[in-house]
Amino acid sequence: MKAMKRACAIILLFLCFSGLGATTFEEVSFGTGNDWITLGLGDNWDDGLSYGLHATVRMKNRLRLTLALEGYTDKLIHQQRYDLAKLAITYPFLFDFRHSYARLSPAGGVLIAGNLGFQNAQNFFHRILQKDELTLAYPQAETSVHLHLGGEAAYGVRIGPALLEGIIGLEYGPGWEFDWEAGLSLRMKKGGSFLTAAWRAVYPSDRYVSQSLQTGRYEGLVLSLFHDGGIIQSFFSTYPASGYSYGGWMVNLLAFTKKPTYNEAHIAYGIGIFLDPTGLRNRSNEIIYKNASLEVRYKNGPIEDSWFQVASYLLGWRFDLYEGARAAPYLKVLAGLERFSLKHETRTTRDEQLHPTIAFEAGSYIGRPNQWIIGNLNYRLRVAGSIHYVPGVTNRPALPLAYRKQTPRWIFQIGLGLEIRHDLT
């Protein structure tokens, strides 16, 4: 009960801070994260950092408040779980030079670790989604409160509409953990979108028996993506050494207040959901430059005591047919690789295959070209259907039938997408 009160106190503190000077808000974002968001790279086990709720408030004076409520589970080794609630306040100090710049962003706040009741919230959503509930014991050690200290130092150079930064970040919770991260980040000048490759090391206090296990899953090389799509923000991180990943979405409630400045598209980011004959959702993420695209489509889920993943990594070229008053039909040709993966819950590989694939897509954008503009972004919906051919796929009779149904030679999909076009001027 005390733990729940502490977590509620952090949320109320976040709301109180964010309520100060409401007219100076630049961003108010709320969203969720989950480890089933893999981009076809990480392996989902509903384990480790399983889920979370996230919020960000940013003022016009650059002051930034972040709140993260996260649930960590350990199903296989210690059969335990613990929750984290972390509130941080950050202020970036900017130093501008002729062709470069530096940024120092100290941060401070509070962190609560232990039993915050997130297991009930997780199982509530599992019941809604008709998934198996997960019940694990919380550690016997009492829920604890820690200071949260740290920050980031960055040095960057301007390259046209982009920024290339070297970054070093530190986080320290006395009595909980210390971690550092160093890497390179490619950012857009406008908005907060970035790609980062970094190395992360964590030194836990071993307050809980599973704490070292959890930190080990999120160490080493980390690849991160954050896309600022105005209304919709998406984030993702994957750790190739351990196979774990985590991602999510946030909605910026203040995006609608941005004055339209969009004139032309320089680059775009696409998201979508495509259904196949098995009835499962294939999630799509793509980066688009003019008519060229780099796309990932993936689906995953449990099969018996294992977890499967099917992912397409594709390069594509779009042929625009014509621009109508309410529609813009197109054809697209794609080629790349198809991954079929099945792993036991112990992380033993039961199947791992990579095959070449080609695909054809036909679809249409909906609405007028500049119908939905917010700030420097242009939003366009599209409907599409596609067919993929994967040569060399074998039947694999020794594997579960439910998995073999997910690995055909011909893959048909139909769905809905949203393309967010950026004007970088």
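Undergrad: Is there a simple way to think about the pattern of salt bridges in this case?
TA: Think of it this way: side chains of opposite charge can pair up when their charged atoms draw near. Here the structure, examined in full by the defined rule, presents 23 salt bridges. Across the pair D305 and R350 runs a salt bridge, and its minimum N-O distance is 3.7 Å. Taken together, the residues span a long stretch of sequence, with D305 in the loop between β16 (292-303) and β17 (306-320) and R350 in strand β19 (residues 349-366) at a distance of 45 residues. With a relative accessible area of 35%, D305 lands in the partly exposed category. For R350, a relative accessible area of 31% puts it in the partly exposed group.

Undergrad: Help me understand the nonpolar core in this model?
TA: Soluble, globular proteins show a tendency: their nonpolar side chains are buried together. Counting residues in hydrophobic clusters, the biggest one holds 17 residues, and the most contacted among them are Y72, Y82, L84, A113, W176 and Y218. Sorting the residues of this core by element identifies β4 (80-90), β6 (100-114), β11 (220-229), β12 (232-239) and β13 (244-252) as the ones contributing at least two each. It is β13 that contributes the most residues to this core, three residues altogether. Setting aside residues up to four positions removed in sequence, Y218 forms contacts with D47, G48, L49, Y72, R200, V202, Y239 and Y244. Ranked by size, the runner-up nonpolar core spans 16 residues in total, among them L225, A311, I374 and L418.

Undergrad: Help me understand the pairing of strand β8 (residues 162-173) in this model?
TA: For a regular strand, the rule is simple: side chains alternate between the two faces of the sheet. Bridge count between strand β7 (residues 144-159) and β8: eleven bridges; the pairing is antiparallel. Note on β8: the bridge partner recorded for I159 is A162. Connecting β7 to the antiparallel partner β8 that follows it, the hairpin turn spans two residues, and G160 within it adopts a positive phi of roughly 60 degrees. As defined by bridge partners, β8 adjoins strand β9 (residues 177-188) across twelve bridges and the pair is classed as antiparallel.

Undergrad: Would you explain a nonpolar patch on the surface in this entry?
TA: Taken together, the side chains of I159, L164, L184, L186, L195, I287, L294 and L315 define a hydrophobic patch exposed on the protein surface, amounting to about 720 Å² of accessible area. Summarising the element assignment, L164 is placed in strand β8.

Undergrad: Please clarify how the environment of I77 should be interpreted in this entry.
TA: Assignment of secondary structure puts I77 in the loop between β3 (64-74) and β4. What makes I77 exposed here is its relative accessible area of 51%.

Undergrad: Looking at this structure, how should I read the side chain of T38?
TA: Within the element layout of this structure, T38 appears in the loop between β1 (25-34) and β2 (48-59). A relative accessible area of 0% means that T38 is categorised as buried. Residues within four places of T38 in sequence aside, it is in contact with N44, F236, S245, Y298, N300 and Q309.

Undergrad: Explain empty space enclosed by the protein to me, please; I cannot follow it from the model alone.
TA: Where empty space is left becomes clear once a probe the size of a water molecule has been rolled over the atoms. Evaluation of the coordinates by the stated rule reveals two cavities of 30 Å³ or more. Residue lining of the largest cavity: I37, L39, L225, S234, F235, F236, G248, W249, Y269, N285 and Y298, and that is the complete set. Every element with two or more residues in the lining of the largest cavity is listed here: β12 and β13. Examining the composition of the lining of the largest cavity, we find that three residues originate from one element, β12, more than from any other. When grouped by side-chain class, the residues that make up the lining of the largest cavity number eight nonpolar, three polar and no charged. The calculated volume of the second largest cavity comes to roughly 40 Å³. If you list the elements that add at least two residues to the lining of the second largest cavity, you get β17 and β18 (327-344). For the lining of the second largest cavity, the residue count by class is three nonpolar, two polar and two charged.

Undergrad: Explain unusual backbone geometry to me, please; I cannot follow it from the model alone.
TA: With the exception of glycine, most residues fall at negative phi, and the peptide bonds are largely trans. Positive phi, normally seen in glycine, also occurs at R62, with a value near 85 degrees. Mapping R62 onto the fold places it in the loop between β2 and β3.

Procedures and definitions
- Residues numbered from 1 in each chain as written.
- Predicted model: local features only at pLDDT ≥ 70, side-chain atom pairs only at ≥ 80, totals over all residues.
- Heavy atoms only, no water.
- Salt bridge = Lys/Arg side-chain N within 4 Å of Asp/Glu carboxyl O.
- Helix = DSSP H or I, 4+ residues; strand = E, 2+ residues; numbered from the N terminus.
- Buried < 20%, exposed > 50% of the residue type's maximum accessible area, 1.4 Å probe, protein only.
- Core = buried A, V, L, I, M, F, W, Y, C linked by side-chain atoms within 4.5 Å.
- Contact = heavy atoms within 4.5 Å.
- Pairing = 2+ DSSP bridges.
- Patch = residues over 30% accessible without salt bridge, like charges linked within 9 Å, V, L, I, M, F, W, Y side chains within 5 Å.
- Areas by Shrake-Rupley, 256 points an atom, 1.4 Å probe, with all protein chains shown as cover.
- 1 Å grid on protein atoms, 1.4 Å probe; cavity = no way out; pocket = protein on both sides within 12 Å on 5 of 7 lines; lining within 4 Å.
- Points joined across faces, edges and corners; volume = space filled by probe spheres on them.
- Nonpolar A, V, L, I, M, F, W, Y, C, P; charged D, E, K, R; others polar.

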